[in-house]
Amino acid sequence: MLRYVAGRLAQAVGVLWAAYTVSFFVLWALPSDPVSLLLGTDSSDVTPEQLAAVRHEYGYDRPLLVQYVHQLGDVLHGDLGRSVSTREPVSSLIGAAIGPTVQIALAGLVLAVVLGGGLAVVATLTRRRGLQALLLGLPPLGVAIPGFWFGLMLLQWFSFRLPIFPAIGDQGVASVVLPAVTLALPTGAVIAQLLSKSLVVTLREPYVATARAKGASPARVHLRHALRNAALPALTATGLLVGGLLGGTVVTETVFSRPGLGRLTATAVQAQDVPVVQGVVLVGALVFVLANLLVDLVYPLLDPRLERRRRPASASAAPLQGAPA
């Protein structure tokens, strides 16, 4: 197990390095200059000497590979650099923005798992063909609905027509509900699709027929026998969808005018604030690898056969070493 975790951690480090490297060179390839955007080189108040001084301050006057190695070394020491727009440390900007984003992302993930999982279980448990077809048709619809449109509809109905939830800003728990529901729609739809299809296949397995023959109720067959094995594909997708939740906060936080990583990313991209964008990319990659590492560690708890497959052959043969010939 320790060897497996060490291998996964090594892969995580590789993913983080690749994410930072790709973002560095992609941002460098953009045609505009962030320092020029900051100082406004079209204005006569900015002299070429001032422009050169700022470029030297941020290291943009050095060769590209020198910039990359220097910045990568700073990142390894925990220094994400300073924002070109505000001159503040990137780590401080991300630290101030990550709290509100985590609130709506976690709430959205919980809602997605509960609603998507519940929909899949009810759809495969019911014996009414019409109701089952209706429920199984909802997840594709949820995937197809644009997130920004769904968020605007929620604002229209539950903030303006029925003033139940705040329309904008971060005003406590009530202001988290609508953004979380907006994020949960596509994620829950994907979970419902995968889990329902996996349940349909699992319910045809011989051990399920054996459980039914022993008199187990349909609910018991679903929840105790089939759901545990059927949840593996949905669990894998959930780990991958965590990154999508962070990406969805860009639109969601813009629609609901909430502070967070999404708004910070949108502002940094518009201003071409390279250090901030790279810092957000690195944080997103870190969340992604941690979520997938957690999924890999939970897998053996759902399916003990995976743990037995990881054991070396020598371990399984060890009890036979003392047996008589």
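Regarding the overall build of the protein
Thought 1: Of the regular secondary structure elements, the protein holds 14 helices and 0 strands.
Thought 2: Looking at the protein as a whole, 37% of its 325 residues are labelled buried.
Thought 3: Sequence separation of 24 or more characterises 73% of the internal contacts of the protein that already satisfy a separation of 6 or more.
Thought 4: When the accessible area of the protein is evaluated, it comes to approximately 18300 Å², of which 68% is carbon and sulfur surface.

Things to note about the side chain of glutamine 71
Thought 1: With respect to the helices and strands, the residue glutamine 71 is situated in helix H4 (residues 64–76).
Thought 2: Of the polar contacts made by the side chain of glutamine 71, one reaches the side chain of tyrosine 20; its length is 3.5 Å.
Thought 3: Each residue touching glutamine 71, except ones within four places of it in the same chain, is listed here: Tyr20, Phe24 and Gln278.

A closer look at the packing of helix H8 (residues 174–202) against helix H10 (residues 218–255)
Thought 1: H10 packs onto H8 with a crossing angle of 160° between their chain directions and a minimal axis gap of 8 Å. Taken together, H8 and H10 sit at an angle that is classed as roughly antiparallel. In terms of crossing hand, the pair formed by H8 and H10 is right-handed.

Observations concerning the packing of helix H7 (residues 147–161) against H8
For any two helices packed against each other, the geometry is given by the interaxial angle and the distance between the axes.
Thought 1: Where H7 meets H8, the closest approach of the two axes is 9 Å, and the angle between their N-to-C directions is 145°. Crossing hand, H7 versus H8: right-handed. Along its contact with H7, which presents Gly147, Phe150, Gly151, Leu154, Phe158 and Ser159, the element H8 presents Leu178, Val181, Thr182 and Leu185.
Thought 2: The residue inventory of the contact of H7 with H8, partitioned by class, reads 6 nonpolar, 4 polar and no charged.

Structural notes on the side chain of threonine 252
Thought 1: One can find threonine 252 in helix H10.
Thought 2: Those residues in contact with threonine 252 that sit more than four places away from it in its chain are Pro179, Thr182 and Leu183.

Observations concerning a nonpolar patch on the surface
Thought 1: A cluster of nonpolar side chains, Phe148, Trp149, Leu152, Met153, Trp157, Phe158, Leu162, Ile164 and Val251, forms an exposed patch at the surface whose accessible area comes to about 840 Å².
Thought 2: By the element assignment, tryptophan 149 lies in helix H7.
Thought 3: When its relative accessible area of 41% is taken as the criterion, tryptophan 149 is described as partly exposed.

Some details on the packing of aromatic side chains
Thought 1: Going through the model one piece at a time under the given rule, you end up with 3 aromatic pairs.
Thought 2: Between the aromatic rings of phenylalanine 25 and tyrosine 68, the centroid separation amounts to 5.4 Å while the plane-to-plane angle is 35°, which identifies the pairing as tilted. With phenylalanine 25 in helix H1 (residues 2–28) and tyrosine 68 in helix H4, this residue pair connects regions lying 43 residues apart in the sequence.
Thought 3: For phenylalanine 25, a relative accessible area of 29% gives the class partly exposed.
Thought 4: On the basis of relative accessibility, which here comes to 10%, the residue tyrosine 68 falls in the buried class.
Thought 5: In this structure, arginine 161 is placed above the aromatic ring of tryptophan 157, and the distance from its NZ or CZ to the ring centre is 4.6 Å.

A few points about unusual backbone geometry
Thought 1: Located in the positive-phi region is arginine 87, a residue other than glycine, with phi close to 65°.
Thought 2: Within the secondary structure, arginine 87 is located in the loop between H4 and helix H5 (90–125).
Thought 3: For arginine 87, a relative accessible area of 35% translates into the label partly exposed.

As for the nonpolar core
Thought 1: Residues Ile191, Leu195, Leu199, Leu203 and Val221 are the most contacted members of the largest nonpolar core, which totals 16 residues.
Thought 2: For this core, the elements supplying multiple residues, two or more each, are H5, H8, helix H9 (206–213) and H10.
Thought 3: At 5 residues, H10 tops the list of elements feeding residues into this core.
Thought 4: If near-sequence neighbours (up to four positions away) are discounted, leucine 203 is found in contact with Thr124, Val208, Arg212, Val221, His222 and Ala226.
Thought 5: In this structure, Leu27, Ala268, Val277 and Val283 belong to the second largest nonpolar core, which totals 13 residues.

Points about the confidence of the model for the protein
Thought 1: When the pLDDT values of the protein are averaged, the result is 81; 87% of them are 70 or greater.
Thought 2: Note that pLDDT drops below 50 for residues 313–325; the model gives that stretch 0 contacts with residues more than four away or on any other chain.

Description of helix H3 (residues 48–58)
Structurally, the α-helix is built with 3.6 residues per turn, so residues lying three or four positions apart point the same way.
Thought 1: All of the buried residues in H3 are Leu51, Val54 and Tyr58. End-on, the buried residues of H3 take up no more than an arc of 65°, which puts them together on one face. Those residues of H3 that are exposed and angled more than 90 degrees off the buried face are Pro48, Glu49 and His56.
Thought 2: Of the residues trailing H3, glycine 59 is marked for its positive phi of about 80°.

Looking at the environment of tyrosine 68
Thought 1: Taking the C-alpha atoms as reference points, tyrosine 68 and threonine 21, 47 residues apart in sequence, are found 8.1 Å from one another.
Thought 2: In contact with tyrosine 68, not counting residues within four places along its chain, are Trp17, Tyr20, Thr21, Phe24 and Phe25.
Thought 3: Only 2.7 Å separates the side chain of tyrosine 68 from the side chain of threonine 21, close enough to count as a polar contact.

Criteria and cut-off values
Residues numbered from 1 in each chain as written. Predicted model: local features only at pLDDT ≥ 70, side-chain atom pairs only at ≥ 80, totals over all residues. Heavy atoms only, no water. Helix = DSSP H or I, 4+ residues; strand = E, 2+ residues; numbered from the N terminus. Buried < 20%, exposed > 50% of the residue type's maximum accessible area, 1.4 Å probe, protein only. Contact = heavy atoms within 4.5 Å. Areas by Shrake-Rupley, 256 points an atom, 1.4 Å probe, with all protein chains shown as cover. Polar contact = N/O pair within 3.5 Å; in protein donor to acceptor, adjacent residues only side chain to side chain. Axes fitted to C-alpha atoms, helices over the stretch in contact; angles between N-to-C directions. Parallel < 35°, antiparallel > 145°, perpendicular 65-115°, else oblique. Left-handed = near helix turned anticlockwise from the far one by under 90°. Nonpolar A, V, L, I, M, F, W, Y, C, P; charged D, E, K, R; others polar. Patch = residues over 30% accessible without salt bridge, like charges linked within 9 Å, V, L, I, M, F, W, Y side chains within 5 Å. Salt bridge = Lys/Arg side-chain N within 4 Å of Asp/Glu carboxyl O. Phe/Tyr/Trp six-rings, centres within 6.5 Å; stacked < 30°, edge-to-face > 60°. Lys NZ or Arg CZ within 6 Å of the ring centre and 35° of its normal. Core = buried A, V, L, I, M, F, W, Y, C linked by side-chain atoms within 4.5 Å. pLDDT = per-residue confidence, 0-100. Arc of directions from axis to C-beta.

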